[in-house]
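# Coordinate analysis (summary)
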Amino acid sequence: GAVVSQHPSWVICKSGTSVKIECRSLDFQATTMFWYRQFPKQSLMLMATSNEGSKATYEQGVEKDKFLINHASLTLSTLTVTSAHPEDSSFYICSARDRTSGNGGELFFGEGSRLTVL
Amino acid sequence: AQSVTQPDIHITVSEGASLELRCNYSYGATPYLFWYVQSPGQGLQLLLKYFSGDTLVQGIKGFEAEFKRSQSSFNLRKPSVHWSDAAEYFCAGAFNMDTGRRALTFGSGTRLQVQP
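Residues numbered from 1 in each chain as written. Chains lettered and ligands numbered in written order. Predicted model: local features only at pLDDT ≥ 70, side-chain atom pairs only at ≥ 80, totals over all residues. Heavy atoms only, no water.

This part takes up the state of the cysteines. Tallied over the entire structure, the rule returns 2 disulfides over all chains. Paired by a disulfide, Cys-23 of chain A and Cys-94 of chain A hold their sulfur atoms 2.0 Å apart. Its S-S torsion of approximately 80 degrees makes the covalent link between Cys-23 of chain A and Cys-94 of chain A right-handed. On the criterion of sequence distance, the pair formed by Cys-23 of chain A in strand S3 (residues 19-25) and Cys-94 of chain A in strand S9 (residues 90-97) is long-range, its members being 71 residues apart. You can call Cys-94 of chain A buried: its relative accessible area is 0%. A sulfur-sulfur distance of 2.0 Å marks the disulfide that ties Cys-23 of chain B to Cys-91 of chain B. The sign of the -65 degrees torsion about the S-S bond sets the Cys-23 of chain B-Cys-91 of chain B disulfide as left-handed. Pair noted here: Cys-23 of chain B is in the loop between strand S3 (19-21) and strand S4 (24-26) and Cys-91 of chain B is in strand S10 (residues 87-94), with a separation of 68 residues, a long-range link. The burial state of Cys-23 of chain B is the same as that of Cys-91 of chain B; both residues are buried. Not engaged in a disulfide, the cysteine Cys-13 of chain A finds its nearest cysteine sulfur in Cys-94 of chain A; these two sulfurs lie 19 Å apart. (Disulfide = S-S within 2.5 Å. Helix = DSSP H or I, 4+ residues; strand = E, 2+ residues; numbered from the N terminus. Buried < 20%, exposed > 50% of the residue type's maximum accessible area, 1.4 Å probe, protein only.)

Structural measurements only, silent on function.
Here is the structure:
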């Protein structure tokens, strides 16, 4: 099946620094990618929809200046957590759908990136 | 508003016993429905999905789910649970298909524990 890869899978940073997480579709092109956040023992909450070549669409309550999303190509979207604080510590998961598969196509999920802010 | 509900936060079953995980949705039409499994610290793996047609859907690892429109439900079942099935299970729905917004809305998850 199609593969979505996230990097890094695990990162620890100091408070106040910025962290970039990459999401790549390895064997398909994705016009749209989605970024989710998952708190411990909780469900996935959609943060934003990343659109190739245009601005991301953020969900209500998600700070766009805090969570910068760039979708520069059909195979790469990045999430940058700026000026990270301990409350930003979470598991971040991206997903993508093959752009040729239409609305009914399967969403493929990355392995997730665990961010710990000290 | 559209939503997906998993009423059971935690379920424990004995190995070899049957399993049913509940999922209900709230939507004016039929959404696309999915079941995912997540092992600790891992991403999500798709078990099965329902778009239309046959309401009994077969998935991987011996799982199946039945869509019941009258009950707005999409329960996941497995006739005989294995210890390796212990994980977190998420039901998800895709709404607003006509607007092109195709993100998934997830239920709160059900943690499955398997006793030997």
